[in-house]
Amino acid sequence: MCHRAVHTGEKPFKCEVCDKAFSSSTRLLRHQSIHRGKKPFRCEICEMAFTQYSHLLSHQRIHTGEKLFKCEVCDRAFTQSSTLVQHRRIHTGEKPFTCEVCSKSFSDSSTLRAHQRIHTGEKLFTCDVCNKSFSQLANLSAHRRTHTDAVRPAEFFQHFLFLYLIYQHVCSYSLKHQEPPVRVLYTI
């Protein structure tokens, strides 16, 4: 019965914790280790631990530099299949991650999360010198240079251009949805 379930798509083995279903009891048991918090597979190089051996093997390619996943369009190679999937979107133009507030789309979920902080006002990045917080790491990096004498004019121009583009984006959203413009104050 177990092997046949692989071909039929039948998944009779359900996890009692999250209701995820599996075609075999072995796969269910392997999955359940996630809920128990056990990570018996440890990388000998960096001590990172994993719930599954296959995840450890995948991780170890980071250390060996082995790149098994190759782009068919430009021949660039990657250590993780997920990185290749994300890279392919450069060629296809696919942007499957869309902001629910302004409908702007992105090719990866991490860029969407960073963008959403513009709308929420969440500021995850704090200056260790003056405790000022920023929603984007790039803004913190530009700000940090103000605490040193090594600030170059080109970097300031680039930073203020970025802020101006955000301001334009917020204002265009406000106009489109007939809402009062958001008052945005940016300082370095």
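Up top is the structure these notes are about.
Everything numeric in this text was worked out from a predicted model, so none of it was measured. Within any chain, residue numbers begin from 1 and follow the written order of that chain's sequence. For a predicted model such as this one, the threshold for reporting local features is a pLDDT of at least 70, and the threshold for listing and counting side-chain atom pairs is 80 or more; totals across whole chains, interfaces and linings nevertheless cover every residue. In computing side-chain properties, one takes all heavy atoms of the structure into account and sets aside hydrogens as well as water.

**Quick word on the overall build of the protein chain**
So, point 1. By the criteria applied, helices consist of DSSP H or I runs no shorter than four residues and strands consist of E runs no shorter than two, each listed in order from the N terminus. Secondary structure assignment for the protein chain yields 7 helices and 10 strands.
So, point 2. Burial classes follow relative accessibility: with a 1.4 Å probe on protein chains only, a residue under 20% of its type's maximum area counts as buried, one over 50% as exposed, and anything between as partly exposed. Looking at the 188 residues of the protein chain, the share that counts as buried comes to 26%.
So, point 3. Any two residues whose heavy atoms approach within 4.5 Å at even a single point are treated as in contact. Restricting the contact set of the protein chain to residue pairs at least 6 apart, pairs at least 24 apart contribute 8%.
So, point 4. Using a 1.4 Å probe, the Shrake-Rupley method yields the accessible areas, and only the shown protein chains count as cover for residues. Element-wise, carbon and sulfur atoms account for 54% of the exposed surface of the protein chain, whose accessible area totals about 13,500 Å².

**Description of helix H5 (residues 109-120)**
So, point 1. Given a rise of 1.5 Å per residue, 12 residues ought to cover 16 Å, and the 16 Å separating the end C-alpha atoms of H5 matches this to within 8%.
So, point 2. Residues of H5 that are buried include every one of Leu112, Ala114, His115 and Arg117, and no others.
So, point 3. A positive backbone phi angle near 80° is found at Gly121, which sits one or two residues after H5. Each helix should span, by expectation, one fewer than its residue count multiplied by 1.5 Å.

**Some remarks on the environment of Cys43**
So, point 1. Note on placement: Cys43 falls in the loop between strand E3 (41-42) and strand E4 (49-50).
So, point 2. By relative accessible area, which is 0% here, Cys43 ends up buried.
So, point 3. A sequence separation of 16 residues divides Cys43 from His59, and the C-alpha atoms of the two residues are 8.1 Å apart.
So, point 4. Sequence-distant contacts of Cys43, that is, excluding residues within four places in its chain, are made with Met48, Leu56, His59 and His63.

**Re the pattern of salt bridges**
So, point 1. Whenever Lys or Arg places a side-chain nitrogen within 4 Å of a carboxyl oxygen from Asp or Glu, that contact is recorded as a salt bridge. One pass over the full model with this rule turns up 3 salt bridges.
So, point 2. In this structure, Arg88 engages Glu72 in a salt bridge whose closest nitrogen and oxygen atoms are separated by 2.7 Å. With Arg88 in helix H4 (residues 81-92) and Glu72 in the loop between strand E5 (69-70) and strand E6 (77-78), this residue pair connects regions lying 16 residues apart in the sequence.
So, point 3. According to the relative accessible area criterion, Glu72 is exposed, its value standing at 55%.
So, point 4. Arg89 is the salt-bridge partner of Glu94, the closest N and O atoms lying 3.8 Å from each other.
So, point 5. Looking at Arg89, the relative accessible area reads 16%, which means it is buried.

**A short note on unusual backbone geometry**
So, point 1. For Glu47, which is not glycine, the phi dihedral falls at a positive 70°.
So, point 2. Mapped onto the secondary structure, Glu47 falls in the loop between E3 and E4.
So, point 3. Relative accessible area serves as the criterion here: at 48%, Glu47 is assigned to the partly exposed category.
So, point 4. Positive phi values are uncommon outside glycine, yet Asp75 reaches one of about 65°.
So, point 5. With respect to the secondary-structure elements, Asp75 resides in the loop between E5 and E6.

**What about the environment of Lys11?**
So, point 1. Its place among the elements puts Lys11 in the loop between helix H1 (2-8) and strand E1 (13-14).
So, point 2. Distance from Lys11 to Ser25, taken between C-alpha atoms, is 9.7 Å for residues 14 residues apart in sequence.
So, point 3. Those residues in contact with Lys11, other than ones at most four positions away along the chain, are Ala21, Phe22 and Ser23.

**What to know about a nonpolar patch on the surface**
So, point 1. Nonpolar side chains collect at one region of the surface, where Leu161, Tyr164, Leu165 and Tyr167 lie side by side and expose about 390 Å² of accessible area between them.
So, point 2. Relative to the helices and strands, Tyr164 resides in helix H7 (residues 153-176).
So, point 3. For Tyr164, a relative accessible area of 45% translates into the label partly exposed. The residues that make up patches have over 30% relative accessible area and no salt bridge, and they are joined within 9 Å when like-charged or within 5 Å when they are Val, Leu, Ile, Met, Phe, Trp or Tyr.

**Some points on the layout of surface pockets**
So, point 1. Here the second largest pocket defines a volume of roughly 220 Å³.
So, point 2. If you trace the second largest pocket, you find it lined by Lys104, Phe106, Thr111, Ala114, His115, Ile118, Gln136, Phe162, Leu165, Ile166 and His169.
So, point 3. Sorting the residues of the lining of the second largest pocket by element identifies H5 and H7 as the ones contributing at least two each.
So, point 4. Tallied by class, the residues present in the lining of the second largest pocket amount to 6 nonpolar, 4 polar and 1 charged. Cavities and pockets are found on a 1 Å grid laid over the protein atoms alone: a cavity is a set of points where a 1.4 Å probe fits but cannot escape, a pocket is an open set with protein on both sides within 12 Å along at least five of seven lines, and a lining residue has an atom within 4 Å of such a point. Grid points are joined across faces, edges and corners, and a volume is the space filled by probe spheres set on the points. As a working rule, the residues Ala, Val, Leu, Ile, Met, Phe, Trp, Tyr, Cys and Pro are called nonpolar, Asp, Glu, Lys and Arg charged, and the rest polar, with Gly in that last group.

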